[in-house]
Amino acid sequence: MIINEQVPLHRLIMSLSQALDYVHPDVVDHQQRTAYIAASIARQLGIDKYEMLDLFFAAALHDIGLIGSENRIKGIREGNFGDPMLHCETGYRLLKDFFLFTRASEFVRFHHLPWKNGKGAECKGLDVPFISHILVLSDSIERMIKRDIYILDQSESIVEQIDLLRGEKFHPDCVDAFHEICEVESFWLDCASNRIYSVILKQIDWPTLSLDEKSIEPISRIFANIIDTTSRWTATHSAGVASAAVELAERLHFSEREKFLMRSAGYFHDIGKLTVPTYILDKPDKLTEKELHILKSHTYYTFSFLDTIGGLPQITEWAAFHHERLDGNGYPFHHKAKDLTLGSRIMAVADVFAALTEDRPYHKEMNREKTLEIINKLAGSSGLDYDVVKVLESDYNTIYDIVKQNRQEYSVRQEILLKHLLPEHPGVNL
Ligand SMILES: [Fe+2]
Ligand SMILES: [Fe+2]
Ligand SMILES: [Fe+2]
């Protein structure tokens, strides 16, 4: 098995940033476009390379705290946030404990704080980094760009709107730097480009930061936190899948390294669900044919987001093929047995097991007998791998207990992260 552990961090962040913003055409690439603008202003201001990198991570993930598809669309497109500081704080909390994002999380925390002629240098007794004010400006510029109007027909009016808020909402130095870069058409054409991913790859001088399988895990957990709170029914689903998949992998003699990758794959497996509107994820009634197609496309997007990062072949495959079936009746690739490795087969079993042992809109948590009956039926019809199912069956109670405990620990973390910040959010119903 070929394992490439050199994962370029910037590509990982960009793909995840894109996944978060894929929910509606009006907000696609909002964070990447903001990151492009922020990097351009920062360069003009002479910000050093390492601060620039933290700013880039912050900008690319700044709205990570806007959880749920409707929140995201409203928050970004209409600027309708309720209290804007709420999603800043949620984003800060989601990111701060992972060492690579610690500094970036501080910028995220204040990305809606106005400058107010100097009062914005601090907030509730905390010093606000100057870099945060670059983000405040960049985010606003991006949101002022109307997607249905040709970019060069609106650039002048955007500059005028920004100027009106110089010193009030925006730090004067940031506005002055913006003036230096916005004179040329190419800046605006880049901002509005459908090829923003490639533009950023060329624009930034990326240091060679790479990640091993152990450092990918905390990032994948952050995304699991977000995926699992997008629907009221899946508060611990990704954690359940990750944990079950690792237990099965261990019993099938996967190495320590492969188990780390398996856990991350479990955390990431439903990342494509970020593209599915919450009303479909939460719908208690039968889905229409179109809604079902949209829901089922989530694994296509899981594949797409992870595959473009490069360097994660196992995680991509194990995560994205969890609805493929050995008889070719899965989706979206309709792979058959010959294309599905043991890791993918494990993930498919773990996903069904986790789903059956959770409360869902259409069923309560199922007991051992019912769960195994359904899973065995799927194995019998050549949907799931018979050998993997036997491993689950032979040690069911132990695996169930471990998964349950992991779900509980994970839900405590979810609760701490989100409960007080998003009191009305359905996903916090743990
Ligand atoms: Fe925001
Ligand atoms: Fe799925
Ligand atoms: Fe799933």
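Rules and cut-offs
- Residues numbered from 1 in each chain as written.
- Chains lettered and ligands numbered in written order.
- Predicted model: local features only at pLDDT ≥ 70, side-chain atom pairs only at ≥ 80, totals over all residues.
- Heavy atoms only, no water.
- Donors = N, O, S within 2.8 Å, 3.2 Å for Na, K, Ca; no water.
- Tetrahedral: all angles 85-135°; square planar, octahedral: opposite > 155°, others 65-115°.
- Helix = DSSP H or I, 4+ residues; strand = E, 2+ residues; numbered from the N terminus.
- Contact = heavy atoms within 4.5 Å.
- Phe/Tyr/Trp six-rings, centres within 6.5 Å; stacked < 30°, edge-to-face > 60°.
- Lys NZ or Arg CZ within 6 Å of the ring centre and 35° of its normal.
- Salt bridge = Lys/Arg side-chain N within 4 Å of Asp/Glu carboxyl O.
- Buried < 20%, exposed > 50% of the residue type's maximum accessible area, 1.4 Å probe, protein only.
- Disulfide = S-S within 2.5 Å.
- Core = buried A, V, L, I, M, F, W, Y, C linked by side-chain atoms within 4.5 Å.
- Expected span 1.5 Å × (residues − 1).
- Polar contact = N/O pair within 3.5 Å; in protein donor to acceptor, adjacent residues only side chain to side chain.

For the rest of this paragraph, the subject is the coordination of the iron ion (ligand 2). Coordination sphere of the iron ion (ligand 2), protein contribution only: D270 (OD), H298 (NE2), H322 (NE2) and H323 (NE2), at 2.2 to 2.4 Å. Viewed at the metal, the four donor atoms of the iron ion (ligand 2) are separated by angles of 84 to 171°, and the geometry they form is irregular. Along the chain, the residues that donate to the iron ion (ligand 2) are spaced as D-x27-H-x23-H-H.

Along the polypeptide, D173 turns up in helix 9 (residues 172-181). Sequence separation between D173 and F130 is 43 residues, and the spatial gap between their C-alpha atoms is 9.8 Å. Here D173 is in contact with L45 and F130, once residues within four sequence places are set aside.

This part takes up the packing of aromatic side chains. Aromatic ring pairs are defined here through the distance separating the ring centres and the angle between the ring planes. Evaluation of the coordinates by the stated rule reveals 20 aromatic pairs. A network of ring pairs unites the aromatic residues Y22, Y300, Y301 and F305 as a single cluster. The cationic tip of R109 hangs over the ring face of Y92; the distance from NZ or CZ to the ring centre is 3.8 Å.

What follows deals with the pattern of salt bridges. Proximity of charged atoms lets side chains of opposite charge pair with each other. For the structure shown, the criterion picks out 24 salt bridges. Here K116 ties to E168 by a salt bridge, and the two come within 3.2 Å at their closest N and O atoms. In this pair, K116 sits in the loop between helix 6 (102-109) and strand 2 (122-123) while E168 sits in the loop between helix 8 (155-164) and helix 9, placing the two residues 52 residues apart along the sequence. For K116, a relative accessible area of 38% translates into the label partly exposed. One connected set of salt bridges, linked through shared partners, spans R33, E142 and R147.

The protein atoms that coordinate the iron ion (ligand 3) are H237 (NE2), H269 (NE2), D270 (OD) and D351 (OD), at distances of 2.2 to 2.4 Å. Each donor residue of the iron ion (ligand 3) lies on one chain, and together they are spaced H-x31-H-D-x80-D. The distance between the iron ion (ligand 3) and the iron ion (ligand 2) is 3.3 Å, with D270 acting as a donor to both metals. Separated by 33 residues along the polypeptide, H237 in helix 13 (residues 237-251) and D270 in the loop between helix 14 (256-268) and helix 15 (278-282) bring together distant segments of the chain. Among the residues examined, H237 registers a relative accessible area of 3% and is labelled buried. Taking relative accessible area as the criterion, D270 reaches 2% and is therefore assigned buried.

A covalent bond between the sulfur atoms of two cysteines is referred to as a disulfide. For the structure shown, the criterion picks out zero disulfides. In this structure C123 is not part of a disulfide, and its nearest cysteine sulfur, from C88, lies 9.4 Å away. Cysteine C182 remains unbridged, with the sulfur of C191 as its closest cysteine sulfur at 9.8 Å.

All right, on to the nonpolar core then. In terms of nonpolar packing, the biggest core is built from 112 residues, with F101, F178, W188 and F223 touching the most fellow members. With nine residues, the top contributor of residues to this core is helix 19 (residues 342-356). Not counting the four nearest positions on each side in its chain, F178 is found in contact with I41, L137, I141, V159, I162, F187 and W188.

It is worth spelling out helix 12 (residues 213-228) at this point. Taking 1.5 Å of rise per residue, the 16 residues of helix 12 would be expected to cover 22 Å, and the 22 Å separating its terminal C-alpha atoms lies within 8% of that figure. Burial analysis of helix 12 places 13 of its 16 residues in the buried class, which makes it a mostly covered element. By the N-cap criterion, in which a side-chain oxygen at the helix start approaches the backbone nitrogen of a residue two or three places on, helix 12 is capped by D212, the distance to K214 being 3.0 Å.

Before going further, it helps to examine the side chain of S40. One can find S40 in helix 2 (residues 30-44). For S40, a relative accessible area of 7% corresponds to the buried category. Beyond its immediate chain neighbours, meaning those up to four positions away, S40 contacts I181, F187 and Q203.

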